[in-house]
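For reference, the chains in residue letters:
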Amino acid sequence: MEFIDLQRQYCALKKEIDEAIHSVLNKSDYILGEEVGLFESELAKYVGARHCVTCANGTDALSITLKALNISQTDAVFVPAFTFFATAEVVSLNNSACIFVDVDERTFNMSSESLERAIKLVKKEGKYNPKAVIAVDLFGQCADYDKIRKITNQYGLFLIEDGAQGFGGEIREKRACSFGDISTTSFFPAKPLGCYGDGGAIFTDDSDYAALLKSLRFHGKGADKYDNVRIGYNSRLDTIQAAILRVKLKAFKERELEKRQQIAAFYDKNLKGLVKTPFLQEGYKSSYAQYTIILKDGEQRNNLQDYLKKHGIPSMVYYPKSMHNQTVYKDYTLNRDELKVSQNLEQCVLSLPMHPYLTDEETQRIVDKIKESLC
Ligand SMILES: *Cc1c(COP(=O)(O)O)cnc(C)c1O
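Please read all numbers here as calculations on a predicted model, not as lab measurements.

Participant: Report on the pattern of salt bridges, specifying residues and quantitative values.
Facilitator: The full count for this structure, using the stated rule, is 19 salt bridges. Linking Lys 27 and Glu 34 is a salt bridge whose minimum nitrogen-to-oxygen distance equals 2.9 Å. Judged by its relative accessible area of 48%, Glu 34 is partly exposed. As a salt-bridge pair, Asp 75 and Lys 131 come within 3.4 Å of each other at their nearest N and O atoms.

Written as structure tokens, this is what we have:
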């Protein structure tokens, strides 16, 4: 059994994907070819954003966004302490102050109360200028944008949505990657919508930002690509990846997202009461980038993971180290005692196999083995 079975997906979509790749080979328009523009239009439409600018990966998508918003060395950017490293990394790489915010113990997403305390603390210290919030849609569920947007409005901060895992999620029919002033996603193979290598995208409703993002991804080009009007990146989505993603987006919309939600519902039904199953806020739909359960403590979590492994069932700990516990951030002192929920989650979480090609027999076996281990 695979944790995420990309082979099964390829087998299911083989004919269409092979054709898509070959059509690019026949045209040989490898960089920003026709498929890239078509994919960007389809993505923007699906997400409900006016503009989509693809790029090389989800990390670049965030870095380019920070540049487009002109976030500087004297600015503070607020990120959740419980996330994939890239969310914090891009802020530090930009030489801005990366401020960690605790998460909600039920949703795994940024806590608006902790965010407000962190903003006040930074203002009081007076060393950095609070400038932006990067909210993460962890494990497929959108962050609490009703509350977070109120806070960014109140304090005059930019809101960036890191939708690398959120793609396909919704809040009351409004889709992930449409909640930020600028929003980003990733097409890393293991994400809800993945390609066959690296890829990413940036979304915005603002046409000035969109033009700036297009320039930044292509060496800061002006009207002509050999006239460089600013310092930028070399960060484009390959035409071949765009062609693959067009096939996969269709499958995602038609079947795969729903299948993920059905598998999650099966896990929910069978594991409720035994472990803490993922909590969805009212009106929210998750794309289940991960199906993550919470155990009583580290010992129970590790025992369960060992038991599953012994029976050939893969599971993962996302994430074993919160940001403030990463070696590179060992000197971070500002609000360490604030980050208690993140600190606890890294001990107790376990992510179960989740992909749209899991069979009923497999999910039943996973549930049975979890029951055996815990009862
Ligand atoms: C995967 C991920 C990224 C980075 O995406 P890449 O395409 O791997 O660069 C950023 N943020 C989060 C939350 C992620 O899960």
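The rest of the description comes next.
Participant: How would you explain empty space enclosed by the protein if you had to name every residue and give the values?
Facilitator: Per the counting criterion, the structure on display carries 2 cavities of 30 Å³ or more. Considered as a void within the structure, the largest cavity measures approximately 110 Å³ in volume. Lining the largest cavity are 16 residues, and of these Leu 6, Gln 9, Pro 192, Arg 260 and Pro 356 sit closest to its centre. Elements that contribute at least two residues to the lining of the largest cavity include exactly helix H1 (6-27) and helix H8 (239-271). In terms of residues, the lining of the largest cavity owes the most to one element, H8, which gives 4 residues. Of the residues contributing to the lining of the largest cavity, the split by class is 8 nonpolar, 3 polar and 5 charged.

Participant: If you had to explain the site of the ligand to someone new, which residues and values would you point to?
Facilitator: The local shell around the ligand holds 14 residues, among which Gly 58, Thr 59, Asp 162, Ser 186 and Lys 191 are the closest. Interatomic distance of 2.7 Å between a backbone N/O atom of Gly 58 and an oxygen atom of the ligand. In this structure, an oxygen atom belonging to the ligand sits 2.8 Å away from a side-chain N or O atom of Gln 165. Of all the cavities here, the one that holds the ligand is the largest pocket. Contributions of two or more residues to the shell around the ligand are made by helix H3 (58-68) and helix H4 (86-93). The residue inventory of the shell around the ligand, partitioned by class, reads 4 nonpolar, 8 polar and 2 charged.

Participant: Could you give an account of the sheet that holds strand S7 (residues 174-175), with specific residues and numbers?
Facilitator: One open sheet accounts for 3 strands, arranged S7-S6-S10; its pairing is antiparallel. The outermost strands of the open sheet, each flanked by one partner alone, are S7 and strand S10 (284-285). As paired strands, strand S6 (residues 170-171) and S10 are joined by 2 bridges and run antiparallel to one another. Pairing of Ile 171 across the sheet is with Tyr 284, part of S10.

Participant: Provide a residue-level description of the sheet that holds strand S8 (residues 182-186), including the pertinent values.
Facilitator: Ordered by their spatial adjacency, 7 strands build an open sheet running S1-S9-S8-S5-S4-S2-S3, and the pairing between neighbours is mixed. The open sheet has two free edges, formed respectively by strand S1 (51-55) and strand S3 (97-101), since each of these has just one partner strand. Averaged over all pairs of adjacent strands, the angle between strand axes in this sheet comes to 25°, irrespective of strand direction. Pairing geometry for S8 and strand S9 (residues 200-204), over 4 bridges, is antiparallel. By the bridge assignment for S9, Ser 183 is matched with Phe 203.

Participant: Lay out the nonpolar core in plain terms, naming residues and giving numbers.
Facilitator: Counting 53 residues, the largest nonpolar core has Phe 78, Phe 100, Leu 115 and Ile 134 as the members making the most contacts within it. Excluding residues that lie within four positions of it along the chain, Phe 100 makes contacts with Val 79, Ala 81, Ala 88, Met 323, His 324, Tyr 329, Tyr 332, Asn 335 and Leu 339. Of all hydrophobic cores here, the second largest spans 31 residues; its members include Val 275, Ile 313, Leu 358 and Ile 366.

Participant: Describe the pairing of strand S4 (residues 129-136), listing the residues and the values that go with them.
Facilitator: Burial of S4 is extensive: 6 of the 8 residues sit out of reach of the surface. Sheet topology note: the S4/strand S5 (residues 158-162) ladder contains 5 bridges and is parallel. Residue pairing in the sheet places Ala 132 in a bridge with Phe 158 of S5. Between S4 and its parallel partner S5, the chain crosses via helix H6 (residues 145-155), and the hand of that crossover is right-handed.

Participant: I'd love a proper account of the packing of aromatic side chains, names of residues and values included.
Facilitator: Applying the stated criterion across every chain yields a total of 19 aromatic pairs. Between Tyr 46 and Phe 167, the aromatic rings sit 5.4 Å apart at their centres with planes inclined by 35°, giving tilted as the arrangement. In this pair, Tyr 46 sits in helix H2 (residues 34-47) while Phe 167 sits in the loop between S5 and S6, placing the two residues 121 residues apart along the sequence. Exposure remark for Tyr 46: the relative accessible area of 7% places this residue in the buried category. With relative accessibility at 2%, the residue Phe 167 sits in the buried group.

Conventions and cut-offs
- Residues take numbers from 1 onward in each chain, read along the sequence in its written order.
- This being a predicted model, a pLDDT of at least 70 is required before a residue's local features are given, and a value of 80 or more before pairs of side-chain atoms are given or counted; all residues contribute to the totals for chains, interfaces and linings.
- Hydrogen atoms and water are omitted, and side-chain values are computed over all heavy atoms in the structure.
- Salt bridges are defined as contacts in which a side-chain nitrogen from Lys or Arg sits within 4 Å of a carboxyl oxygen from Asp or Glu.
- Between buried and exposed lies partly exposed: a residue is buried under 20% and exposed over 50% of the maximum accessible area for its type, with that area taken using a 1.4 Å probe on protein chains only.
- Cavities and pockets were defined on a 1 Å grid built from protein atoms only: a cavity is a group of points that admits a 1.4 Å probe but offers it no way out, a pocket is an open group of points flanked by protein on both sides within 12 Å along at least five of seven lines, and a lining residue is one with an atom within 4 Å of any such point.
- Grid points are joined across faces, edges and corners, and a volume is the space filled by probe spheres set on the points.
- Where helices and strands are cited, they refer to DSSP runs of H or I of at least four residues and of E of at least two residues respectively, numbered from the N terminus.
- Under the scheme applied here, ten amino acids are nonpolar (Ala, Val, Leu, Ile, Met, Phe, Trp, Tyr, Cys and Pro), four are charged (Asp, Glu, Lys and Arg), and all others, including Gly, are polar.
- Definition of nearness: a residue and a molecule or strand are near each other if at least one heavy atom of the residue lies within 4 Å of the molecule or strand.
- Two N or O atoms count as a polar contact when they lie within 3.5 Å, although within protein this holds only if one can serve as hydrogen donor and the other as acceptor, and sequence-adjacent residues are included solely when both atoms are side-chain atoms.
- Throughout, a molecule is located in a cavity or pocket provided that more than half of its atoms lie within 2 Å of its grid points.
- DSSP-based pairing: two strands are paired if at least 2 bridges between them are found.
- To obtain an axis, a line is fitted to C-alpha atoms, over the contacting stretch when the element is a helix, and the angle between two such axes runs from 0 to 180 degrees between their N-to-C directions.
- Here, nonpolar core refers to any group of buried Ala, Val, Leu, Ile, Met, Phe, Trp, Tyr and Cys residues whose side-chain atoms link them within 4.5 Å.
- Should any heavy atoms of two residues lie within 4.5 Å, those residues are considered in contact.
- Here, the term right-handed applies to a crossover whose path from the first strand over the helix to the second runs clockwise when the strands point away from the viewer.
- Here a pair means two rings of Phe, Tyr or Trp (six-membered ring of Trp) with centres within 6.5 Å. Their orientation is stacked below 30 degrees between planes, edge-to-face above 60, and tilted elsewhere.

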